[in-house]
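Structural features, examined
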Amino acid sequence: MGNDGGSIAERAELVKLKKPEKRVESYLVAKLRAQFCSLTKERLRKPIACCRVGYLYNYDSLLKAFMDKKIPQELKHLQNMKKVKKLNITENTDQNNEFPFICSISQKALNGKDKFLALWNCGCVFNKKLIKDLKIKELKCPICNKQYTDKDIVQLCPTNEDAEIKKAQVQKEIQLKDKQKEDQKQQFKVFDAVENLEQQQKKKICTEECKMMRKAMDNNKLQNLQNQSQDVKKNEIYQSLFHQQHKLEDNLFTRNVRFGNR
Ligand SMILES: [Zn+2]
């Protein structure tokens, strides 16, 4: 039989050998990320920033890249400067140490091996072990004492595997936010359409009301004119009656004078 116990044992040996190799490789990557800018590959120097994935960047280089619109494809999760956080971090003054930054409380170097956290709300960076060492139970920043939530926690200098998982999460969040924005836009469009319809209906009602009012005014005017005309006629009749009375009186006077009845 070809598939005997020996060949299975060989494969198991290979897997055993592969694991520590991978771990060393991952550590080397994380170590480089603790020393060099993930954008320019230059040595990190203050001011620095991190992204949600946990990569570190020289802040000024990032600004320039955004201004020149030169963000590489592998950093496409960096949509704009809102997707990075400027960090409150302490420089390593030990000239013999290869790592440029330390935890300001524990004095431990940010070396890519020990877990370091950055908080998105305040920008502070500290050694994760510090929380346990100081027995901090609340979600309060050990550096500035500001409260934070789980969403604010960014683990710095991830391994390649962790970075890929984190990038996928960030990408998903971006897509979700884009979808929410699109949905909101559609809702606003519906609101606008309803509002327009209401405005048009109001206008229509208004126009009809205006027409009715104009008609009523016209009727009123007509009535007034008719009344005026009737008044004129009445006046004319009265005038003529008055005139006729005068005429009659004049005739009687003339006749009396002629017949000497005065
Ligand atoms: Zn803080």
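Residues numbered from 1 in each chain as written. Predicted model: local features only at pLDDT ≥ 70, side-chain atom pairs only at ≥ 80, totals over all residues. Heavy atoms only, no water.

If you look the chain up in an unreviewed UniProt entry, it shows as Replication termination factor 2 from Paramecium primaurelia.

In this section: the packing of aromatic side chains. Pairs of aromatic rings are described using the distance from one ring centre to the other and the angle between the two planes. Throughout the structure, instances matching the rule amount to one aromatic pair. Ring geometry for F188 versus F191: centroids 6.5 Å apart, planes at 65°, classification edge-to-face. Of this pair, F188 and F191 both sit in helix α4 (residues 160–258), three residues apart, roughly one helical turn. Owing to a relative accessible area of 53%, F191 belongs among the exposed residues under this scheme. The cationic tip of K113 hangs over the ring face of Y27; the distance from NZ or CZ to the ring centre is 5.6 Å. (Phe/Tyr/Trp six-rings, centres within 6.5 Å; stacked < 30°, edge-to-face > 60°. Helix = DSSP H or I, 4+ residues; strand = E, 2+ residues; numbered from the N terminus. Buried < 20%, exposed > 50% of the residue type's maximum accessible area, 1.4 Å probe, protein only. Lys NZ or Arg CZ within 6 Å of the ring centre and 35° of its normal.)

A separate point is the UniProt feature "coiled-coil region" (unreviewed entry) in the chain. Under the present numbering, the feature "coiled-coil region" (unreviewed entry) in UniProt falls on residues 160–187. Counting secondary structure, residues 160–187 comes out at 100% helix and 0% strand; the distance between its end C-alpha atoms is 40 Å. (UniProt positions renumbered as here; feature names shortened; annotations may be inferred.)

Take the coordination of the zinc ion next. For a metal with four donors in a tetrahedral arrangement, the ideal angle between donors is 109.5 degrees, while six donors in an octahedron ideally sit at 90 or 180 degrees. Looking at the zinc ion, one finds its protein donor set to be C122 (SG), C124 (SG), C141 (SG) and C144 (SG), positioned 2.3 Å from the metal centre. Because the angles between the four donor atoms bound to the zinc ion fall within 105 to 116°, the donor set is best described as tetrahedral. Between the donor residues of the zinc ion, the gaps in sequence give the motif C-x1-C-x16-C-x2-C. (Donors = N, O, S within 2.8 Å, 3.2 Å for Na, K, Ca; no water. Tetrahedral: all angles 85-135°; square planar, octahedral: opposite > 155°, others 65-115°.)

The next subject is unusual backbone geometry. Glycine aside, residues mostly have negative phi angles, and peptide bonds mostly take the trans form. Cis rather than trans, the peptide bond between K46 and P47 has omega equal to -5°. Relative to the assigned elements, P47 resides in the loop between α1 (5–35) and β1 (48–51). Backbone geometry places K69, a non-glycine residue, at a positive phi of 55°. Along the chain, K69 falls in the loop between α2 (59–67) and β3 (84–86). The exposure class of K69 is exposed, given its relative accessible area of 75%. The phi torsion at N145 lies on the positive side, around 70°, for a residue other than glycine. Mapped onto the fold, N145 is located in the loop between α3 (129–133) and β8 (153–155). The exposure class assigned to N145 is exposed, which follows from its relative accessible area of 52%.

Glancing now at a positive patch on the surface. A contiguous patch of positive charge, built from K82, K151, K177, K181, K185 and K189, is present on the exposed surface. Since its relative accessible area comes to 69%, K151 is described here as exposed. (Patch = residues over 30% accessible without salt bridge, like charges linked within 9 Å, V, L, I, M, F, W, Y side chains within 5 Å. Areas by Shrake-Rupley, 256 points an atom, 1.4 Å probe, with all protein chains shown as cover. Salt bridge = Lys/Arg side-chain N within 4 Å of Asp/Glu carboxyl O. Lys, Arg positive; Asp, Glu negative; His and termini not counted. Charge placed at Lys NZ, Arg CZ, Asp CG, Glu CD.)

Turning our attention to the sheet that holds strand β7 (residues 125–127). Pairing is antiparallel across the open sheet formed by three strands, whose spatial order is β7-β6-β8. Unpaired on one side and paired on the other, β7 and β8 mark the two borders of the sheet. If you compare each strand with its neighbour and ignore which way they point, the axes differ by 30° on average. Bridge count between strand β6 (residues 116–119) and β7: three bridges; the pairing is antiparallel. Looking at β7, one finds that L117 is bridged to F126. (Pairing = 2+ DSSP bridges. Axes fitted to C-alpha atoms, helices over the stretch in contact; angles between N-to-C directions.)

Now for the sheet that holds β3. Spatially, the three strands line up as an open sheet ordered β2-β1-β3, and their pairing is antiparallel. Both outer strands of the open sheet, β2 (56–58) and β3, are each paired with one neighbouring strand and no more. Taken over all neighbouring pairs, the strand axes of this sheet differ in orientation by 35° on average, direction set aside. Those strands touched by α2 are β1, β2 and β3, and its axis lies near 80° from that of β2. (Contact = heavy atoms within 4.5 Å.)

Covalent bonding between the sulfur atoms of two cysteines defines a disulfide. Inspection of every chain in the model, using the stated rule, returns zero disulfides. There is no disulfide at C50, and the cysteine sulfur nearest it, in C51, is 6.5 Å away. What makes C50 buried here is its relative accessible area of 0%. (Disulfide = S-S within 2.5 Å.)

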